[in-house]
Amino acid sequence: EYVVDGSGDLSLPLVGTIHAKGFSLKELENNIIDFLKPDYLLNPRVSIQVLNYRPFYILGEVNRPDSYSYVNGMTYLNAIAIAGGFTYRAKQDRAYVISGVDTSQEERQVKLEKLVQPGDIIRIDERLF
């Protein structure tokens, strides 16, 4: 098991440091194969699985606002359920999200059936009446 550090680098024996940030799993596998192929192995096989994702955060009008472990394929409605559901004051038709991968940190409105991304900050608004 290897860890991708905060700057997006992965340190491997023989190869050294490889930049992993911004690559899909398949692209990263191919990059590692390219590093291993010419000098270290004749026919390298590389397989990558993500064991731990960054948590997502949920705040506002949910019963248990907190950070929670990310689960692949989870929708915003699933995330709300994990956080104990809506409070009685919640606006239940939308969520507001600051994406964990968006460097601009702009909050955007999303529908509840959209997929959560690791590191997302989800806010549930209060309804007026």
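These notes cover the structure that comes with them.

Criteria and cut-off values
Residues numbered from 1 in each chain as written. Predicted model: local features only at pLDDT ≥ 70, side-chain atom pairs only at ≥ 80, totals over all residues. Heavy atoms only, no water. Helix = DSSP H or I, 4+ residues; strand = E, 2+ residues; numbered from the N terminus. Buried < 20%, exposed > 50% of the residue type's maximum accessible area, 1.4 Å probe, protein only. Phe/Tyr/Trp six-rings, centres within 6.5 Å; stacked < 30°, edge-to-face > 60°.

## Let's talk about unusual backbone geometry
One non-glycine residue, Leu 14, lies in positive phi territory at about 70 degrees. Tracing the sequence through the fold places Leu 14 in the loop between strand S1 (9-12) and strand S2 (16-19). By relative accessible area, which is 59% here, Leu 14 ends up exposed. Located in the positive-phi region is Gln 105, a residue other than glycine, with phi close to 60 degrees.

## Describing the packing of aromatic side chains
Counting across every chain of the model gives two aromatic pairs. Seen from their ring centres, Tyr 53 and Tyr 70 are 4.9 Å apart, and the 65 degrees between their planes marks the pair as edge-to-face. Of this pair, Tyr 53 sits in the loop between helix H1 (25-36) and strand S3 (56-60) while Tyr 70 sits in the loop between strand S4 (66-68) and helix H2 (76-82), placing them 17 residues apart in sequence. On the basis of relative accessibility, which here comes to 36%, the residue Tyr 53 falls in the partly exposed class. A relative accessible area of 12% means that Tyr 70 is categorised as buried.

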